[in-house]
Amino acid sequence: MPQPAPRPAPRRDRETAARADDHRALRLWLRLVTCTQLLERRVRARLRERFDTTLPRFDLMSQLWRYPEGLKMNELSRHLMVTGGNVTGIVDPLEKDGLVERADDPADRRAFRVRLTRSGKKAFAEMARAHEEWIVALLSGLGRREHDELLRLLARMKQAVQEGKP
């Protein structure tokens, strides 16, 4: 009699690494990281499936959407919190695809600004609408009060961390 195929091991995430006797703050941190990774994984997959693009490309275009006059490469690097090499690796293919362009910076003849093209603006607007719908759907398991409470609690946590409170 054939043996049943072995069941795949359950997917482990950061939170499953926690033990019951770990400090509650550590378990909370692991849960926050896990939730972030799960949301990001879903968004990455949907961007790839629907728009054949990546989250870094989406993030870069999002920054350019917020700054219609464009941004210098070092400004993009700061906004995205990545190295200049990473930005170049994202900008070059976007430029090749006609979604961004490099323009001379009138204030600095040694530099140029990267900005969305008309086609880039149209493509990003469509992606941004879909992205918002995905996030709303992914967080729809919580009610409005829970959203408000979570926003309030996360704001308090953010402030405490910024202030360096022990």
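Residues numbered from 1 in each chain as written. Predicted model: local features only at pLDDT ≥ 70, side-chain atom pairs only at ≥ 80, totals over all residues. Heavy atoms only, no water.

K.L.:
Account for the pattern of salt bridges, with residues named and values stated.
P.N.:
Applying the stated criterion across every chain yields a total of 11 salt bridges. Between arginine 44 and glutamate 40 there is a salt bridge; the shortest N-O distance is 2.8 Å. Taken together, the residues span about one helical turn, with arginine 44 and glutamate 40 both in helix H1 (residues 24–51) at a distance of 4 residues. Take arginine 44: its relative accessible area is 34%, and that puts it in the partly exposed class. For glutamate 40, a relative accessible area of 33% corresponds to the partly exposed category. Two residues, aspartate 108 and lysine 72, come together in a salt bridge whose shortest N-O distance is 3.8 Å. (Salt bridge = Lys/Arg side-chain N within 4 Å of Asp/Glu carboxyl O. Helix = DSSP H or I, 4+ residues; strand = E, 2+ residues; numbered from the N terminus. Buried < 20%, exposed > 50% of the residue type's maximum accessible area, 1.4 Å probe, protein only.)

K.L.:
Now, about the layout of surface pockets: what can you tell me, with residues and values included?
P.N.:
Approximately 910 Å³ is the volume found for the largest pocket. If you go around the largest pocket, you meet 28 residues; those closest to its centre are Arg31, Leu32, Cys35, Leu150 and Leu154. Listed by contribution, the elements that provide at least two residues to the lining of the largest pocket are H1 and helix H6 (144–162). In terms of residues, the lining of the largest pocket owes the most to one element, H1, which gives 12 residues. Here the lining of the largest pocket is built from residues that sort into 16 nonpolar, 4 polar and 8 charged. Volume-wise, the second largest pocket comes out at about 180 Å³. As for the second largest pocket, its lining consists of Thr36, Leu39, Glu40, Val43, Leu55, Asp59, His131 and Ile135. Secondary-structure elements contributing two or more residues to the lining of the second largest pocket are H1, helix H2 (55–66) and helix H5 (118–138). Broken down by element, the residue count for the lining of the second largest pocket peaks at 4 residues, all from H1. Looking at the lining of the second largest pocket, its residues break down into 4 nonpolar, 2 polar and 2 charged. (1 Å grid on protein atoms, 1.4 Å probe; cavity = no way out; pocket = protein on both sides within 12 Å on 5 of 7 lines; lining within 4 Å. Points joined across faces, edges and corners; volume = space filled by probe spheres on them. Nonpolar A, V, L, I, M, F, W, Y, C, P; charged D, E, K, R; others polar.)

K.L.:
Outline helix H3 (residues 73–80), listing residues and values.
P.N.:
Taken together, the buried positions of H3 are Met73, Glu75, Leu76, Ser77 and Leu80. Buried residues belonging to H3 abut H2, strand E1 (71–72), helix H4 (84–96), strand E2 (100–105) and strand E3 (108–116). Two residues or fewer past H3, methionine 81 is found with a positive phi of approximately 60°. (Contact = heavy atoms within 4.5 Å.)

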